[in-house]
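Understanding the architecture of this molecule
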Amino acid sequence: MKYEKTGVIDISQLKMPNEKQLKKGVAITECLQPIPCNPCKEVCPTDAIKMENINDPPDIDYDKCIGCALCVEVCPGLAMFVVRVRDDKAMISLPYEMLPMPERGQIVKALDREGKIVGNAVVKAIKHGRTNVITIEVDKNLAMVVRNIKVEK
Amino acid sequence: MRIEEHPILKFERERKINFYFNGIKMEAYEGETIASALHANGIKVLSHSRKGRARGFFCGIGKCSSCLMTVNGTPNVRTCITMVKDGMIVEGDKYDLPESFPYRKPIKEKIDVSMAIVGAGPAGLAAAIESAENGIDAILIDENPRLGGQLIKQTHKFFGSSREGAGKRGIEIAKELEEEATKKAKILLNTSVIGYYDKGYHFLVAANQMDGILYEIKAKKIIFSTGAQENMLVFEGNDLPGVYGAGGVQTLTNVYGVKPGNSGVIIGAGNVGLILSYQLLQAGVDVKAIVEAMPKIGGYFVHAAKVRRNGVPIYTRHTIKEAYGKDRVEGAKIVALDEKWNTIEGSEKDIKCDFIAVSVGLTPSTRLVQQTGAKIKFISAAGGWVALHNEYMETTKDGIYVAGDASNIEEASTAIIEGKIASLHASNSLKKVHGYDKKMKEYMKRLEELRSGIFGERAKFAKNKIYEEYYEIRENRRY
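Residues numbered from 1 in each chain as written. Chains lettered and ligands numbered in written order. Predicted model: local features only at pLDDT ≥ 70, side-chain atom pairs only at ≥ 80, totals over all residues. Heavy atoms only, no water.

Once that is clear, we can look at the overall build of chain B. Regarding its fold elements, chain B presents 10 helices and 26 strands. Just so you have it, chain B exposes about 20400 Å², and 49% of that area is on carbon and sulfur atoms. Positive and negative charge centroids in chain B, built from 67 and 58 side chains respectively, lie 1 Å apart. (Helix = DSSP H or I, 4+ residues; strand = E, 2+ residues; numbered from the N terminus. Areas by Shrake-Rupley, 256 points an atom, 1.4 Å probe, with all protein chains shown as cover. Lys, Arg positive; Asp, Glu negative; His and termini not counted. Charge placed at Lys NZ, Arg CZ, Asp CG, Glu CD.)

As structure tokens, this is what we get:
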């Protein structure tokens, strides 16, 4: 697999939600390898994460998933994201364990899976938890591209 | 060099004190080691070799000897694990031993105990807690100034099953274990076990160098949970101050809140290298590159993805050719490798950096258990020489146990269970433990679960090999 060489996933490897599911907002898992780990499954309030064996990577039922982002906060691998697409904008909830912390409404840099700046993002919500979850708004075409933010001091 | 703000850690610094380095007065905080205080003062060169090459510390956990300095007249003090004290006199380049030995006559203390546990990392702490639960008196000995081994530096969340506390950070697990063990077991810190003797019973000699105490410990059972040491890689300039083991960098950054430098190159893209890189980013350190000789990233993809999306490049099929700089690292030259592991001409990249962290694997620390006469064997999959043992962690020498990385390079969660298994088995052979079978079965099941899946295959293979060889020897002995 290419990602084993680069550390960057190819989006063709992700299970894509359909338009309706994306509109509602669903969790996207970027956990592909068999790791004995299950907190995402346990925390899911709608039982949307299928995992028969603890080594199985999570498989998300996009019809059941309500996009609550509890799995984003709990995932030890920081590999869960929630994506919601409305009109020409996408809301992305992502795990953030860096400094400085952004403020609500702040414009930050939107980064792709290689840490490259691909545009601006507006911070819409911050949830403080075991891992902080930041929800940002970006252009719709960046919904499956942006996976990190850079906050300027 | 001090980290003031960190997204996960809070550094509560104690009282400000002063110490002297080669006659120069410096500031430090109580509760930090001499080496970290020196780093905080910008001193990376701790001493020089007899040929004049600069020396800095490498491992940061008392296992190598590149941090040796003379402290208050005592030569060869490991400054990476010795706490700095007010008014301390620390000297670098004292080659000759003093004419008249300045040593005080040590205070001798005799200890008679059912179980001695050497090494207070996750395996040792779990073993101490387990023995207390079984009503067995135990003593836990560690040469570091703190309990917890390498767990106290792990700021990342652990994988695992929710029921077993997955999602907790290593530092949180360490704190829980530490609190419980402190309540339940007798603990000796800053104390190195320096020898084992078979006197018809198990006998250990341990020393607290700075306080001048010599312990003579008589024990019915001993568990060696002595951990592992960082592997070194051969390259030009690998002895320059600023070339550290990954664990040494973690100690500085996450335990003492001191940056190893402003920008670094990490050698090795296994889980340790990847996690370390992420921790450095959290500490505000620029990670210039991760260099990996294998064609693939060795660690988990999710750990790699975390550093990649923060802009850190990973060069697979690359290796470090040279660390350069005058008396300290100023840069690294890396080079691509072809399929036959030869360097590719013209592929050299020069990366400016002020430190290099080597994370190319670990070797089990077996020198103490070896002294007991337990059969040691080189098992490549286990990380090197290990004491053969059975599934209860008992070695070929009766009453001598191993647990954790000292018995096979693995990780903290399995080390904890192995510590419990060793301690439970040892306890039960001293005094019948109520509900032994059920408890043991549970531990075995948990261990199996942790090693399930493809990432547990190497560990499982190594363990089976170790058990197999153990039984071969035990059977031969019978006839």
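We are not done yet, so read on.
With that settled, the discussion passes to the interface of chain A and chain B. Taken together, the contact pairs 40 residues of chain A with 38 residues of chain B. The contact between chain A and chain B buries some 3200 Å² in all, and 56% of this surface belongs to carbon and sulfur atoms. Together, Glu97(A), Met98(A) and Arg130(A) form the three largest contributors to the area buried by chain A at its contact with chain B, with a combined 19%. Applying the counting rule to chain A against chain B returns four salt bridges. Notably, a salt bridge pairs Arg130(A) with Glu172(B), separated by 2.6 Å at the nearest N-O pair. For the side of chain A that touches chain B, the elements supplying multiple residues, two or more each, are helix H1 (3–6), helix H3 (39–43) and helix H4 (70–74) of chain A. Broken down by class, the residue content of the side of chain A that touches chain B amounts to 20 nonpolar, nine polar and 11 charged. (Contact = heavy atoms within 4.5 Å. Buried area = accessible area lost by both parts, 1.4 Å probe. Salt bridge = Lys/Arg side-chain N within 4 Å of Asp/Glu carboxyl O. Nonpolar A, V, L, I, M, F, W, Y, C, P; charged D, E, K, R; others polar.)

Tracing the chain through its elements places His156(B) in the loop between strand E9 (138–141) and helix H3 (170–184). Relative accessible area serves as the criterion here: at 12%, His156(B) is assigned to the buried category. (Buried < 20%, exposed > 50% of the residue type's maximum accessible area, 1.4 Å probe, protein only.)

Let us now look at the pairing of strand E8 (residues 132–139) of chain A. All names here are of chain A. Taken across its eight residues, E8 has six buried, putting it largely inside the fold. Pairing geometry for strand E5 (residues 89–96) and E8, over eight bridges, is antiparallel. Bridging from a neighbouring strand, Met91 pairs with Glu137 of E8. (Pairing = 2+ DSSP bridges.)

This next bit is on helix H4 (residues 246–255) of chain B. All names here are of chain B. The buried fraction of H4 is high, at 10 of 10 residues. Every buried residue of H4 is listed here: Ala246, Gly247, Gly248, Val249, Gln250, Thr251, Leu252, Thr253, Asn254 and Val255. Where the residues of H4 are buried, they touch helix H1 (34–40), strand E14 (228–230), strand E15 (243–245), helix H5 (271–282) and strand E22 (355–358). Gly257 sits one or two positions beyond H4 and adopts a positive phi of about 65 degrees.

Take the sheet that holds strand E7 (residues 117–127) of chain A next. Residues and elements named next belong to chain A. One open sheet holds the seven strands; their spatial order is E1-E4-E5-E8-E7-E6-E9, and the pairing between them is antiparallel. Every interior strand has two partners, whereas the edge strands, strand E1 (26–29) and strand E9 (148–150), have only one. Within this sheet the neighbouring strands show an average axis-to-axis angle of 40 degrees, counted without direction. (Axes fitted to C-alpha atoms, helices over the stretch in contact; angles between N-to-C directions.)

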